[in-house]
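# Summary of the model geometry
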Amino acid sequence: MSWLEKLLPPKITPKAATSDRRQMPEGLWIKCPSCEAVLYKTDLEKNHNVCPHCSHHHRIGARERLNLFLDGEGRYDIGQEVLPVDALKFKDSRLYPERLQEALENTNETDALVVMGGAVMGIDVVTACFEFEFMGGSMGSVVGERFVRGVETAIEQKVPFICFTATGGARMQEGLLSLMQMAKTNAALTRLAKKRLPYISVLTDPTMGGVSAGFAFVGDVVVAEPKALIGFAGPRVIENTVRVKLPEGFQRAEFLQTKGAVDFICDRRELRAKIASTLSMLQRLSADAIVS
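These remarks concern the structure in this document. Within any chain, residue numbers begin from 1 and follow the written order of that chain's sequence. Selection of residues for local features in this predicted model requires a pLDDT of at least 70, selection of side-chain atom pairs for listing and counting requires 80 or more, and totals for whole chains, interfaces and linings are taken over all residues. Hydrogen atoms and water are omitted, and side-chain values are computed over all heavy atoms in the structure.

On to the overall build of the protein chain, then. Only DSSP runs of H or I covering at least 4 residues are called helices, and only runs of E covering at least 2 are called strands; the numbering of each starts at the N terminus. Helices and strands together make up the secondary structure of the protein chain, namely 11 helices and 9 strands. In terms of principal-axis extent, the alpha carbons of the protein chain reach across some 90 × 55 × 45 Å. Contacts are residue-level and defined by heavy atoms, with any inter-residue pair within 4.5 Å sufficient. Residue pairs at least 24 apart in sequence account for 67% of intrachain contacts in the protein chain once pairs closer than 6 positions are excluded. Charge counting treats Lys and Arg as positive and Asp and Glu as negative, with His and both chain ends excluded. Every charge is mapped onto a representative atom, which is NZ of Lys, CZ of Arg, CG of Asp or CD of Glu. In the protein chain, 36 positive and 35 negative side-chain charges are present, and the distance between their average locations comes to 3 Å.

A turn of α-helix holds 3.6 residues, and therefore any two residues three or four places apart point the same way. The terminal C-alpha atoms of helix α6 (residues 141–157), which comprises 17 residues, lie 24 Å apart, in line with the 24 Å expected from a rise of 1.5 Å per residue. Those residues of α6 lying buried are Val 142, Val 143, Gly 144, Arg 146, Phe 147, Val 148, Gly 150, Val 151, Thr 153, Ala 154 and Ile 155. Where α6 is buried, its residues contact β3 (76–78), β4 (113–120), β5 (123–130), β6 (161–167), α7 (175–194) and β7 (199–207). To estimate the expected span of a helix, count its residues, drop one, and scale the result by 1.5 Å. The buried label goes to any residue with under 20% of its type's maximum accessible area, the exposed label to any with over 50%, and the partly exposed label to all in between, with areas taken from a 1.4 Å probe on protein chains only.

Glancing now at the pattern of salt bridges. Basic side-chain nitrogens of Lys or Arg form a salt bridge, by our definition, when they fall within 4 Å of a carboxyl oxygen of Asp or Glu. By the definition in use, this model includes 18 salt bridges. A salt bridge links Asp 71 to Arg 272; the shortest N-O distance between them is 2.8 Å. Of this pair, Asp 71 sits in the loop between α4 (62–69) and β3 while Arg 272 sits in helix α11 (residues 268–282); the two residues are 201 residues apart in sequence, bridging distant segments of the chain. Look at Asp 71 and you get buried, because its relative accessible area is 17%. In this structure, the salt-bridge partner of Arg 94 is Glu 98, at a minimum N-O distance of 3.8 Å. Exposure remark for Arg 94: the relative accessible area of 28% places this residue in the partly exposed category. On the basis of relative accessibility, which here comes to 38%, the residue Glu 98 falls in the partly exposed class. When salt bridges that share partners are traced, they join Glu 81, Glu 145, Arg 149 and Lys 184 into one network.

The next thing to look at is the packing of aromatic side chains. Put simply, two rings from Phe, Tyr or Trp (the six-membered ring, in Trp's case) pair if the centres are within 6.5 Å, and we call them stacked under 30 degrees between planes, edge-to-face over 60, tilted for the rest. Summed over all chains, the structure comprises 7 aromatic pairs. Ring geometry for Phe 250 versus Phe 255: centroids 5.5 Å apart, planes at 65°, classification edge-to-face. Feature note: the residues Phe 130, Phe 147, Phe 161, Tyr 199 and Phe 215 constitute an aromatic cluster, connected by ring pairs. By definition here, charges over rings are those cases where NZ of Lys or CZ of Arg is within 6 Å of the ring centre and within 35 degrees of the ring normal. For the cation-ring pair, Arg 59 lies above Phe 132, with the distance from its terminal atom to the ring centre recorded as 4.8 Å. Stacked on the ring of Phe 264, the Lys or Arg Lys 274 has its end atom at 5.2 Å from the ring centre.

Further remarks concern the nonpolar core. A general tendency of soluble globular proteins is for nonpolar side chains to be buried together. What is meant by a nonpolar core is a set of buried Ala, Val, Leu, Ile, Met, Phe, Trp, Tyr and Cys residues, joined one to another through side-chain atoms within 4.5 Å. With 38 residues, the main nonpolar core has Phe 147, Phe 161, Leu 192 and Phe 215 as its most contacted residues. Sort the elements by how many residues they give to this core and α6 lands first, with 6 residues. Apart from the residues within four sequence positions on either side, Phe 161 is in contact with Val 126, Ala 128, Phe 147, Gly 150, Val 151, Ala 154, Leu 189, Leu 192, Pro 198, Tyr 199 and Ile 200. Met 121, Val 202, Ile 275 and Ala 276 belong to the second largest nonpolar core, which has 23 residues in total.

For Thr 107, the location among the structural elements is in helix α5 (residues 96–107). According to the relative accessible area criterion, Thr 107 is buried, its value standing at 14%. With sequence-adjacent residues up to four places away left out, Thr 107 is seen in contact with Glu 131, Glu 133 and Phe 134.

Below is the structure:
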């Protein structure tokens with residue numbers, strides 16, 4: 001008999017003492033990567049996934065972002081019937097279709113861009129939003145086609161077009177077909193501009209590669225979330241290439257604002273009202289057009 005069994009009362013055993021111990025469910029708490037505060041997940045989601053202590057903007061999915069941004073009524077998907085194909089029969093360590101299937105299972109999305117029509121505070125808009133968890137938000141043929149269909153819908157309905165970027169750039173598994181989307185999407189935005197319809201680009205963390213070199217910076221108004229990583233090649237790649245130490249904060253939203261590449265930086269919790277106000281000014285709408 002062990003010393004523990006001698007100390008416990010006869011009716012209490014080590015097994016009985018531990019069997020009723022409740023296990024803490026996983027995923028209830030999130031550690032902020034900026035201030036390291038431990039946050040209750042539900043409270044963080046209610047705060048638009050912004051840390052209440054340091055205002056660090058956690059990454060969020062496309063559908064979640066659109067739910068926060070658009071009005072609840074009158075939403076409709078655009079271009080969801082367009083699906084990716086393996087035109088190049090691409091294979092690296094895995095087949096391209098296998099990577100697509102894995103991304104589908106992880107995100108419940110068929111590609112990295114969700115385009116949706118709706119309204120923001122009563123102002124009709126068409127909005128495109130990248131899903132970063134789908135192969136790093138990479139831009140392939142489907143992303144380009146959905147983006148263009150969104151712009152064409154905005155032209156048909158004579159409403160503004162808004163894009164939220166969260167991407168690593170062009171999709172290597174589609175090669176030149178992916179790079180062609182840079183020209184295709186910008187051509188569509190040229191048609192939008194000729195109709196004198198606003199295009200607002202919202203840069204979130206991260207916005208890199210071919211998307212940043214394409215349509216991300218050609219908006220009538222370019223907005224960024226605080227401390228978002230924005231650029232073409234990453235800071236580590238640049239430092240290893242040019243052998244020069246980059247300045248502190250390089251390629252962050254605040255750095256780009258000082259260089260004139262970003263018009264303003266906006267907290268996610270205030271973005272909906274800020275963009276509605278901006279659209280009303282661009283379209284010369286009355287204050288009554290904005291519905292709080």
